[in-house]
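Secondary and tertiary structure notes
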Amino acid sequence: MQPKVMMKKKNISASKASLILFLCQIVSALDVPLDSKLLEELLQPPTITQQSPKDYIVDPRENIVIQCEAKGKPPPSFSWTRNGTHFDIDKDALVTMKPNSGTLVINIMNGGKAEAYEGVYQCTARNERGAAISNNIVIRPSRSPLWTKEKLEPNQVREGDSLVLHCRPPVGLPPPIIFWMDNAFQRLPQSERVSQGLNGDLYFSNVQPEDTREDYICYARFNHTQTIQQKQPISVKVFSMDSLNDTIAANLSDTDIYAKPVTERQPVLLTPTGSTSTKVELRGNVLLLECIAAGLPTPVIRWIKEGGELPANRTFFENFKKTLKIIDVSEADSGNYKCIARNTLGSAHHVISVTVKAAPYWITAPRNLVLSPGEDGMLICRANGNPKPDISWLANGVPIAIAPEDPSRKVDGDTIIFSHVQERSSAVYQCNASNEYGYLLANAFVNVLAEPPRILTPANKLYQVIADSPALLDCAYFGSPKPEIEWFKGVKGSILRGNEYVFHDNGTLEIPVAQKDSTGTYTCVARNELGKIQNEVQLEVKDPTMIIKQPEYKVIQRYGQVSFECIIKHDSTLLPTVIWLKDNDELPDDERFLVGKDNLTIMNVTDKDDGTYTCIVNTTLDSVSASAVLTVVAAPPTPAIIYARPNPPFDLELTGQLERSVELSWVPGDENNSPITNFVIEFEDGLHEPGVWHYQTEVPGTQTTVQLKLSPYVSYSFRVIAVNEIGRSQPSEPSEQYLTKSANPDENPSNVQGIGSEPDNLVITWESLRGFQSNGPGLQYKVSWRQKDVDDEWTSVIVANVSKYIVSGTPTFVPYEIKVQALNDLGYAPEPLEVIGHSGEDLPMVAPGNVQVHVINSTLAKVHWDPVPLKTVRGHLQGYKVYYWKVQSLSRRSRRHVEKKILTFRGNKTFGMLPGLEPYSSYKLNVRVVNGKGEGPASPDKVFKTPEGVPSSPSFLKITNPTLDSLTLEWGSPTHPNGVLTSYILKFQPINNTHELGPLVEIRIPANESSLILKNLNYSTRYKFYFNAQTSVGSGSQITEEAVTIMDEAGILRPAVGAGKAMASRQVDIATQGWFIGLMCAVALLILILLIVCFIRRNKGGKYPVKEKEDAHADPEIQPMKEDDGTFGEYSDAEDHKPLKKGSRTPSDRTVKKEDSDDSLVDYGEGVNGQFNEDGSFIGQYSGKKEKEPAEGNESSEAPSPVNAMNSFV
């Protein structure tokens, strides 16, 4: 599988590189197979493919599902440990393991207690090649305890003092989310003065009289159980100095004791306390640092890092800059962070010393190793952390120190070295890297395989390339040890070498510059010590496509005709397509454009036809193009008149300047013999978009003044363009500038939307106003929102230079009323319209219930389900998805690769149809609800079965061993039985020489048969067969075939031994024998010659010598004989014994293809009956061929001629 590693230190790095190169090819092929059949045959140790998280907090009200899925060959078995000891699931009725899986299901909903199943679980997947283990999965049920009852004293505080309201939520699992609300369930407003700390307490930097209320309520939301716990309301009473002095004056009128007025105070940190503190955070986590200060005026918080800068792109400020947030922290973020609280009276600061530690993380995780016997290799496990983690190894889940000895294995710290491995060395190794902050566990198997080479590229694959371009010929392979790849050209060619070829590690042969002589057959040979295999591929090198006559630049007068040529030359085996474009776009849909085979003609040319015309020629392998420009000019009626575009207007003047309007006038330029039809007025905003001209309006060509509407706060310049039939003039010179006065915005942003991007936020977006729409300087936007259907006040912020604002801390998927109002330095735009948006969606919480399947027929089923409650959708309900897949065929009882199919049903549908099912199969399905965030959990898998259907046609029907009166039929069972086969139905009937069908015979054959001998048939007769399979449902489609019994044995040349017995086996019809037909033809020819001679003699008249008369009446028995061979001179029937023409040899199944029987007597009327009339004359006289049958797929050809039949037996 890889190059052998020499036992020298200097070669170890090379072996590692070879190993990595090998794994890139082989391991990925095992995980993502190119050939699934190949992988089904390879043994493989177990691999954990899915498992529950290490810290698994479960809902105590629902069943506990602990996932453990693994793959391997053979399929692995599963076992579990709990708290380090074997967990016998058979002894606990509430615990089951899913079939063909290691996933545990603990049935809490049937009386179990989640607390009873707390603990540390670990799964082991084992087969004959080793054992893989999962992480330690800590199962803990979530907890949402109630608040302990406490007596809360009212908080009486003086105006200007600081105040902290403690929340102290109950300890839950996982920790709750804290927020403060009032009795009306409205969130308490927070600001730089009043804010919630990370610990949930509510901090007042200084209290104001408006803070007086009796319903400060702290809420704790436990997301895992979807419960909210409420603390008792806290009362706060703020005494203002004026009211306090009035009270003192009324009660102590005889004294001069008064409360001191509110005094400003410099900042003091409320949290953290002291001047320094420490913070430890783990690498990759989010670092949160907090500083909240008291003081009057309210202090402002600023953060710095001593001796360094805050990391860019990872630093965020929250809670009015009281919280510093750094995401994805690393060791480089360690250091001292100082928060500074400052107001007009002074400042206070606090230094937080941050140390970033690290749980173990991989540097090099061990990777699966596939070796062949005798090879070397290594597993490397390298991890880092702070502190540095300890590395330990396990073999098949057992510490390697106490695991069975393996002489090929040597442990060297974080590396296991394997030398001269054998098949028994296959195992799964576990690497554990741990420190005080966590651990990592990785499985990696060593799989020792001895496999002969296999080539995965299809045989005779055809590659086609264009000459002078690269050709890549694939030879995907597999084997253990890793096969060597060689390439040959031609059947007996030599091995390919040299610089004109590039040999890739994956077996691909690259010809960098393919030429015409590169065409041919290429053979890829893969060999290792266990065997050799080869595969042929075909390469065809095509001539490039060329445009031998390109379109040329044309200048044409208006209303004329123009033609562009595009003559091409291409490879004769490629079919080119020609496309014409105008200005890189499709030709106008106009009947004036005529596309010919090699040209483009434009009739009645107009000015719009100006442009660039491109001819593009495409084949399946290449593409070429050529372009030409067409210029359309005016066609003057007389040489003296010249038509042209008008000259630009001039003398632009602005009059009647008002705040929102101005009058523009101009003088037209020369119209150049074509009347001006209209004027186009454009404007430039020199204040916001200098250099950009915008369309303002247009007026008829007879008008030279126009009243223009203006917008505030725009520096206008105007220009005018004249238009006639020829085209547009150049723009006029710009007018003088006119700056309009500022005003409130006239309009608000458009396209206001509110869509959450996270479950706890609301993203408000809008389209910003353009510069000239601002109507004045200082354009800003007031963004306002409030929760819909809740008596809540609008919350607003003012932003500038943005078109998005994110509202954080929102409940999941609730409606909000949103509005965005524009304002500038002069005031606000009109009150905007309110739009409805929604905060972010979250994944649906529950799966559809009561899933039922009704099987309608063998290929169609209907699935029903109960809709989920809308409140559990947590988003816009988009529909339901039905996942279904075939588990196995009930007729074959064999599993195959599971290919899940998905059907989506939009809206709140509760049923759907599942088409395209396979008959007589077992299926599973589940249903999931879908919202804008994604899919919810799946319903439990529902199993259903489809009934039997009719089978497909038998896979083949072959007719062999023809004799005089019998044929042997062989067939293959249907590819898709679609049920239990009950029988086969065979129907057959003879076909005479006029293609008429005889009586139909039907035979029923048991389903377990695969061949049949039909006896008592007529000799030299064609039969047509119809064959199909049956299930209990009915008959499937049939397959047809034709065959012929052989001729009478008497006409067949046999060896001398036993020849007499063969001749006597059946009486011969002499009229059908070739020698007899030949003899009759010879006699007829002699008679014809004698008649001709007599006719000539009679015409001459007179007497003739006796000698001539004697010669004329010579013995006819002697005249025709030749001396050399004794055959008839005038006639020879050797034609009956000539060998068949090249390529027409009868196939082994005794049938003759139609194209091979063109010389047969069958074509001339010969049949199985007598060939002569009663007087012995030949019937057909070769007067005409009979009508031939049309070819039907792979059916047998016509009956063979006697010549062919005899030659097939010689």
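Residues numbered from 1 in each chain as written. Predicted model: local features only at pLDDT ≥ 70, side-chain atom pairs only at ≥ 80, totals over all residues. Heavy atoms only, no water.

1. Points about the overall build of the protein
Across its full length, the protein holds eight helices and 85 strands. Counting only contacts in the protein whose residues sit at least 6 apart along the sequence, the fraction spanning at least 24 positions is 65%. Of the roughly 65500 Å² that the protein leaves accessible, carbon and sulfur atoms contribute 52%. (Helix = DSSP H or I, 4+ residues; strand = E, 2+ residues; numbered from the N terminus. Contact = heavy atoms within 4.5 Å. Areas by Shrake-Rupley, 256 points an atom, 1.4 Å probe, with all protein chains shown as cover.)

2. Notes on the state of the cysteines
A covalent bond between the sulfur atoms of two cysteines is referred to as a disulfide. Going through the model one piece at a time under the given rule, you end up with six disulfides. Note that C381 is cross-linked by a disulfide to C431, the S-S spacing being 1.7 Å. Taking the sign of the torsion about the S-S bond as the criterion, the disulfide between C381 and C431, at about -65°, is left-handed. Placement of the pair is C381 in the loop between β30 (377-380) and β31 (382-386) and C431 in strand β36 (residues 427-435), with a sequence separation of 50 residues. By the burial criterion, C381 is buried, and C431 matches it. At a sulfur-sulfur separation of 1.9 Å, the disulfide partner of C566 is C615. (Disulfide = S-S within 2.5 Å. Buried < 20%, exposed > 50% of the residue type's maximum accessible area, 1.4 Å probe, protein only.)

3. A closer look at the confidence of the model for the protein
Summing up the model confidence of the protein, the mean pLDDT is 83 and the portion of residues at 70 or higher is 83%. Confidence drops under pLDDT 50 across residues 253-258; counting only partners more than four residues distant or on other chains, this segment forms five contacts. For residues 1102-1210, every residue scores under 50 in pLDDT, and the model assigns this stretch 133 contacts once sequence neighbours within four places are set aside. (pLDDT = per-residue confidence, 0-100.)

4. Observations concerning the packing of aromatic side chains
Inspection of every chain in the model, using the stated rule, returns 21 aromatic pairs. Aromatic pair W865 and F905: ring centres 5.9 Å apart, planes at 50°, arrangement tilted. Linking W865 in strand β73 (residues 860-866) with F905 in strand β75 (residues 901-906), this pair joins segments that are 40 residues apart in sequence. For the pair formed by W865 and F905, the shared burial category is buried. Taken together, the ring pairs in this structure connect F179, F185 and Y219 into an aromatic cluster. Over the ring of Y216 we find R213, and its NZ or CZ is 5.8 Å from the ring centre. (Phe/Tyr/Trp six-rings, centres within 6.5 Å; stacked < 30°, edge-to-face > 60°. Lys NZ or Arg CZ within 6 Å of the ring centre and 35° of its normal.)

5. Remarks on a nonpolar patch on the surface
Taken together, the side chains of L1085, L1088, I1089, I1092, V1093, F1095 and I1096 present a nonpolar region at the surface, about 620 Å² in accessible area. Along the polypeptide, L1085 turns up in helix α6 (residues 1074-1100). Taking relative accessible area as the criterion, L1085 reaches 33% and is therefore assigned partly exposed. (Patch = residues over 30% accessible without salt bridge, like charges linked within 9 Å, V, L, I, M, F, W, Y side chains within 5 Å. Salt bridge = Lys/Arg side-chain N within 4 Å of Asp/Glu carboxyl O.)

6. Examining the pairing of strand β61 (residues 705-709)
Side chains of β61 alternate between two faces, with V706 and L708 buried and T705, Q707 and K709 left unburied. In this structure, strand β58 (residues 661-667) lies alongside β61, joined through five bridges in antiparallel fashion. Within β61, the residue paired with S665 across the bridge is T705. (Pairing = 2+ DSSP bridges.)

7. Quick word on the sheet that holds strand β59 (residues 678-685)
Taken in spatial order, the four strands make up an open sheet running β60-β59-β62-β63, and their pairing is antiparallel. Edge positions in the sheet fall to β60 (689-700) and β63 (738-739), since each has one partner strand and no second. The sheet contact formed by β59 and strand β62 (residues 715-723) spans eight bridges and is antiparallel. By the bridge assignment, F683 is partnered in β62 with F718.

8. Quick notes on the nonpolar core
Counting 27 residues, the largest nonpolar core has I64, I66, W80, I106, Y121 and I139 as the members making the most contacts within it. A per-element tally of this core places strand β9 (residues 119-127) first, with three residues. Not counting the four nearest positions on each side in its chain, I66 is found in contact with S52, Y56, W80, G102, T103, L104, I106, Y121, I137 and I139. By size, the runner-up hydrophobic cluster in this structure holds 20 residues, among which are L654, V662, I676 and V714. (Core = buried A, V, L, I, M, F, W, Y, C linked by side-chain atoms within 4.5 Å.)

9. Concerning the sheet that holds strand β35 (residues 415-418)
An order of β30-β35-β34 is seen for the three strands of this open sheet, with the pairing classed as antiparallel. In the strand order of this sheet, the two ends are held by β30 and β34 (409-412), each with one partner. On average, each strand axis in the sheet is tilted by 20° relative to the strand beside it, whichever way the strands run. Two elements, β30 and β35, share four bridges in a ladder whose sense is antiparallel. Bridge pairing in β35 links G377 to F418. (Axes fitted to C-alpha atoms, helices over the stretch in contact; angles between N-to-C directions.)

10. Description of the environment of H166
Mapping H166 onto the fold places it in the loop between β13 (163-165) and β14 (177-181). As for H166 and Y203, which are separated by 37 residues in sequence, their C-alpha atoms are 8.7 Å apart. Leave out the neighbours within four places in its chain, and H166 touches W180, D201, K231 and I234. One polar contact links H166 to D201, side chain to side chain, over a distance of 3.0 Å. (Polar contact = N/O pair within 3.5 Å; in protein donor to acceptor, adjacent residues only side chain to side chain.)

11. Digging into the side chain of R719
Secondary-structure assignment places R719 in strand β62. Of note is the side chain of R719, whose polar atom sits 2.8 Å from the side chain of E682.

12. A look at unusual backbone geometry
Only a minority of non-glycine residues have a phi that is not negative, and only a minority of peptide bonds are not trans. For the peptide bond that leads from L296 to P297, omega is 0°, which places it in the cis range. Topologically, P297 is positioned in the loop between β23 (292-296) and β24 (300-305). P481 follows S480 through a cis peptide bond whose omega is 5°. When you line up the elements, P481 lands in the loop between β41 (477-480) and β42 (484-489). Positive phi values are uncommon outside glycine, yet N460 reaches one of about 55°. Looking at the element boundaries, N460 is found in the loop between β38 (451-455) and β39 (461-466). Looking at N460, the relative accessible area reads 49%, which means it is partly exposed. A positive phi angle is found at N604, which is not glycine, with a value near 50°. Note on placement: N604 falls in the loop between β54 (599-602) and β55 (611-618). N604 sits in the partly exposed class, given a relative accessible area of 42%.

13. So, the pattern of salt bridges
Counted by the stated rule, this structure contains 38 salt bridges. The partner of K231 in a salt bridge is E150, with the nearest N and O atoms 2.4 Å apart. Taken together, the residues span a long stretch of sequence, with K231 in the loop between β18 (227-230) and β19 (234-239) and E150 in the loop between β11 (137-141) and β12 (155-158) at a distance of 81 residues. E150 sits in the partly exposed class, given a relative accessible area of 31%. Linking D571 and K516 is a salt bridge whose minimum nitrogen-to-oxygen distance equals 3.8 Å. Of this pair, D571 sits in the loop between β50 (567-569) and β51 (577-582) while K516 sits in the loop between β44 (509-511) and β45 (520-528), and the two are 55 residues apart along the sequence. On the accessibility criterion, D571 (5% relative accessible area) is buried. Classification of K516 by relative accessible area gives partly exposed; the value is 41%. One salt-bridge network, in which partners are shared between bridges, spans D182, R213 and D215.

14. Notes on the environment of L986
In this structure, L986 sits in strand β81 (residues 983-991). Overall, L986 belongs to the buried group, its relative accessible area being 0%. On a C-alpha basis, the gap between L986 and I1003 in space is 5.0 Å, while along the polypeptide they are 17 residues apart. Filtering out sequence-adjacent residues up to four positions away, L986 remains in contact with L969, V1001, E1002, I1003, I1005, L1012, L1014, F1025, Y1026 and F1027.

15. Observations regarding the side chain of T323
Counting through the fold element by element, T323 comes out in strand β26 (residues 323-326). Judged by its relative accessible area of 3%, T323 is buried. Not counting chain neighbours up to four residues away, the residues in contact with T323 comprise L198, L288, L289, E290, W303, F316, F317 and E318.

16. Quick notes on the environment of K933
With respect to the secondary-structure elements, K933 resides in the loop between β77 (921-930) and β78 (942-945). Residue contacts for K933: discarding those within four places in its chain leaves S757, E758, P759, E841, D842 and L843.

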